[in-house]
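Residue strings, one per chain:
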Amino acid sequence: MSDIVIFVALADEFAGPVPDGMVLVHTGVGKVNAALAAAAALVEHKPFLAINYGTAGGLTIDHGGLIECGATVQRDMDLRPLGLALGTTFGDEEPPMIRWAEGPVVGTGDSFADGPPELASDLVDMEAYALAKACHRHGVAFRCVKYVSDSADDGAADDWQDNKMKGARRFAEWLTAL
């Protein structure tokens, strides 16, 4: 059992080490991988807190900063042909926006964003919504910290490659200050 589980998609983004009482779980990229990893880790470790750290594209926030987010939406869930609002999942018990604190909104989707999504958000990533939803369902407190690696524009892929490791040291410092 660990007090805190830290979810990171890739070791390229953060490989640790983590302070005592914390466990690092690399989820893989995307909502399905994140949800599967979260379900297993939350059952195995029974934490009181889960933290998602990773990179994100900045839409309203300039790249280069470490940002603590306060909410997430599913930017690519589109059931409007069934009469549901963009971002809403059919039959879901969670609201379209999962909010746990004040702060910027992360738009999560299974595509690498190289432009602004139709559903408004401040940042874009590929795992936060799935992790927040798993934590909500398991009754585990959630925090989300993102290093803004790119501007989610036509240069995003190159910028992400160049910048994805730059936030690791800053996140490690953030962790030790908890």
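Heads up: these notes are all about the structure in this document. All of these numbers come straight from a predicted model, not from anything done at the bench. (Residues numbered from 1 in each chain as written. Predicted model: local features only at pLDDT ≥ 70, side-chain atom pairs only at ≥ 80, totals over all residues. Heavy atoms only, no water.)

1. Considerations on the nonpolar core
By size, the foremost hydrophobic cluster in this structure holds 28 residues, and its most contacted members are Phe-7, Leu-42, Leu-123 and Phe-142. Secondary structure elements with two or more residues in this core: strand E1 (4–8), strand E2 (22–26), helix H1 (31–45), strand E3 (49–58), strand E4 (66–69), helix H2 (128–138) and strand E9 (141–150). Ranked by residues supplied to this core, first place goes to H2 with seven residues. Leu-42 has contacts with Phe-7, Pro-47, Ala-134, Cys-135, His-138 and Val-140, leaving out every residue within four places of it along the chain. (Core = buried A, V, L, I, M, F, W, Y, C linked by side-chain atoms within 4.5 Å. Buried < 20%, exposed > 50% of the residue type's maximum accessible area, 1.4 Å probe, protein only. Helix = DSSP H or I, 4+ residues; strand = E, 2+ residues; numbered from the N terminus. Contact = heavy atoms within 4.5 Å.)

2. Details of the pattern of salt bridges
Following the criterion strictly, the structure yields nine salt bridges and no others. As a salt-bridge pair, Asp-76 and Lys-31 come within 2.5 Å of each other at their nearest N and O atoms. With Asp-76 in the loop between strand E5 (71–74) and strand E6 (97–99) and Lys-31 in helix H1, this pair connects stretches of sequence that are 45 residues apart. Ionic pairing is found between Glu-68 and Arg-143, a salt bridge with its closest N-O pair at 2.7 Å. Of this pair, Glu-68 sits in strand E4 while Arg-143 sits in strand E9, and the two are 75 residues apart along the sequence. With a relative accessible area of 27%, Arg-143 lands in the partly exposed category. Linked by salt bridges that have partners in common, Asp-78, Arg-80 and Glu-118 make up one network. (Salt bridge = Lys/Arg side-chain N within 4 Å of Asp/Glu carboxyl O.)

3. Overview of the pairing of E5
Moving residue by residue along a regular strand, the side chains alternate between the two faces of the sheet. Here E5 shows no split at all, with Ala-71 and Val-73 on one side and Thr-72 and Gln-74 on the other all buried. Across three bridges, E5 lies against E6 in antiparallel orientation. What sits directly across from Thr-72, in E6, is Ile-98. (Pairing = 2+ DSSP bridges.)

4. Overview of the environment of Pro-116
Here Pro-116 shows up in the loop between strand E7 (105–108) and strand E8 (123–125). Exposure remark for Pro-116: the relative accessible area of 69% places this residue in the exposed category. Sequence separation between Pro-116 and Gly-57 is 59 residues, and the spatial gap between their C-alpha atoms is 9.5 Å.

5. Quick look at the side chain of Thr-108
Positionally, Thr-108 belongs in strand E7. On the accessibility criterion, Thr-108 (0% relative accessible area) is buried. Once residues lying within four places of it in the same chain are set aside, the contact partners of Thr-108 are Lys-31, Thr-72, Val-73, Gln-74, Arg-75, Asp-76, Asp-125, Met-126, Glu-127, Ala-128 and Tyr-129.

6. Some points on helix H4 (residues 168–176)
When H4 is considered as a whole, its buried residues turn out to be Ala-168, Phe-171, Trp-174 and Leu-175. Taken around the axis of H4, the buried residues stretch over an arc of 115°, which confines them to a single face. When the buried face of H4 is taken as reference, the exposed residues oriented beyond 90 degrees from it are Arg-169 and Thr-176. Those residues of H4 hidden inside the fold are in contact with E1, E2, E3, E4 and E9. (Arc of directions from axis to C-beta.)

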